[in-house]
Amino acid sequence: MAETARRGAPLPAQDRGSAPGPAPQTPAGLKDRGSAPGPALQSPAGLDGAARLNRALWALPPVAVLALVFLYPLALVVQQSLSPENGGGAFDAYASVFASQSFREALGTTVWLAVGATAGCLVLGFVLALIIAFVPFPGARAVAKFIDVFLSFPSFLVTLALLFVYGTVGMANGAWTGLTGAAEGPFHFLTTPWGVLLAEITYFTPFVMRPLLAAFSQLETAQLEVAAGLGARPARIVRQVILPEALPALAAGGSLVLVMCLNEFGIVLFTGAKDVTTLPMLIYGKAILESDYAAACVVAVVNIAISVGLFGLYRVVSKRAGA
C-alpha cells in the first residue's frame, strides 16, 4: 500500500521539469547560423576620411572662385606696393607714403570722422530705437519696417537728399533768401567735415537701430513693469534695466558702423568737400589723378589692414552678443 501511494503521489516541481523535451539550441548553433558571409562594415575611420574628402571636393569650387575674384587682385595690389615702377627697394614706396603729410592728414581725418560718426550713430540710434520699441505711437511698426528697407539704400542717395535741403541752392538757403532778400543763404556746412559727419550719421544710424530693435524685442516687459511698480523713473529704468540688455547690440552695431565709415567713399565724394581727404579719397587721388599706382596701392594696403582688423573685432563682438 505504501508503495502504491508513492506511485500515485505527484512528482515534485524539480522532477517534473526534468522530463525529456526538445533540446534547446546551443550557443554554438546560434553562432554557426549567424556566421553566414555578408557585406563587411566600413570602419569609422574610413567613413570620416570619405566625409572629409567629400567636403574638400565640394569646397574647391567656391574657394577657387574666391581666389580668382578677390585674393588674386588683392595679391596684385600688395605686389604693386612692393615693386614700384620707378625702381628702388621693396619698401621704398611705404617709406615715402608714411613720411608724406597728405597721408598722415588723411589717416587722421579718416579716424576722427569714423569715430565721430560711430559715436553719433550710437547715441541717435539708441534714442530712436527706444522711442520705436517702448513709446506707443501710430505707425511704429511701419517705421521699423522702413528701417530694414533703408539699409538697402546706397549712401549717395542720402547725400543727394541733404544737398537738396542744405546745399548752396537747396531749400533751406532758398527759404532764407526768399524771406530776407539776401544774396545767398547761411547754410554752407555740407562742404566741410561737419557736413560729411552729418551725412554719415544720417546714413549709418539704422545700422545701429536694427540690432537694438532686435534686442529690445527680446526684453521681458515684466522687468519694466516691476521697476515702474517700485517707483523707478523712466531715466532710471533706461539706465539700469534697458541699457545693460542693449550693450551687446550697441557694441555689435557700433563696430559695424566703424568699419563701414573707415571705407566710405561715396558720401565724401558727393558732398563736394574738397578739403576733406580720407584714405579712400587719397587712394582715388593717387591712382586716378596723379597716376601714382605704387602710392595708391600702399594706402590701399594700409586701409585694408585697418578694415580687416576692425572687422575681426566686429565678428568677436557680434559672436559674444549673439548677433
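Residues numbered from 1 in each chain as written. Predicted model: local features only at pLDDT ≥ 70, side-chain atom pairs only at ≥ 80, totals over all residues. Heavy atoms only, no water.

To continue, consider the pattern of salt bridges. For the structure on display, the rule yields one salt bridge. Here Glu-290 and Lys-286 are joined by a salt bridge, their closest N and O atoms 3.5 Å apart. (Salt bridge = Lys/Arg side-chain N within 4 Å of Asp/Glu carboxyl O.)

We now examine empty space enclosed by the protein. The method is simple in principle: a probe with the dimensions of a water molecule rolls over the atoms, and the space it marks as empty is what remains. Across all of its chains, the model carries one cavity of 30 Å³ or more by this definition. One number sums up the size of the largest cavity: a volume of about 40 Å³. Lining the largest cavity are Thr-110, Leu-113, Glu-200, Cys-261, Leu-262, Glu-264, Val-268 and Thr-278. Counting residues per element, the ones that place at least two in the lining of the largest cavity are helix H6 (101–134) and helix H12 (234–262). Considered class by class, the residues forming the lining of the largest cavity number four nonpolar, two polar and two charged. (1 Å grid on protein atoms, 1.4 Å probe; cavity = no way out; pocket = protein on both sides within 12 Å on 5 of 7 lines; lining within 4 Å. Points joined across faces, edges and corners; volume = space filled by probe spheres on them. Helix = DSSP H or I, 4+ residues; strand = E, 2+ residues; numbered from the N terminus. Nonpolar A, V, L, I, M, F, W, Y, C, P; charged D, E, K, R; others polar.)

By size, the foremost hydrophobic cluster in this structure holds 45 residues, and its most contacted members are Phe-204, Leu-212 and Phe-216. Within the residue set of this core, elements represented by two or more residues are H6, helix H7 (140–150), helix H8 (155–166), helix H10 (193–217), helix H11 (221–229), H12 and helix H13 (266–271). Excluding anything up to four places from it in sequence, Phe-204 contacts Cys-121, Val-257, Met-260, Cys-261, Glu-264 and Ile-267. One finds Tyr-94, Phe-103, Leu-282 and Val-298 within the second-largest nonpolar core, a separate group that totals 13 residues. (Core = buried A, V, L, I, M, F, W, Y, C linked by side-chain atoms within 4.5 Å. Buried < 20%, exposed > 50% of the residue type's maximum accessible area, 1.4 Å probe, protein only. Contact = heavy atoms within 4.5 Å.)

Before going further, it helps to spend a moment on the packing of aromatic side chains. To describe a pair of aromatic rings, you give the distance between the ring centres and the angle between the ring planes. Summed over the entire model, instances satisfying the criterion amount to 16 aromatic pairs. A ring pair is formed by Phe-98 and Phe-103, whose centres lie 5.4 Å apart and whose planes are at 40°; its orientation type is tilted. The partly exposed category is assigned to Phe-98, whose relative accessible area is 39%. On the basis of relative accessibility, which here comes to 6%, the residue Phe-103 falls in the buried class. (Phe/Tyr/Trp six-rings, centres within 6.5 Å; stacked < 30°, edge-to-face > 60°.)

Right, let's talk about unusual backbone geometry for a bit. Look at Ser-291: it is not a glycine, yet its phi comes out positive at around 55°. By the secondary structure assignment, Ser-291 is in the loop between helix H14 (279–289) and helix H15 (293–321). Owing to a relative accessible area of 44%, Ser-291 belongs among the partly exposed residues under this scheme.

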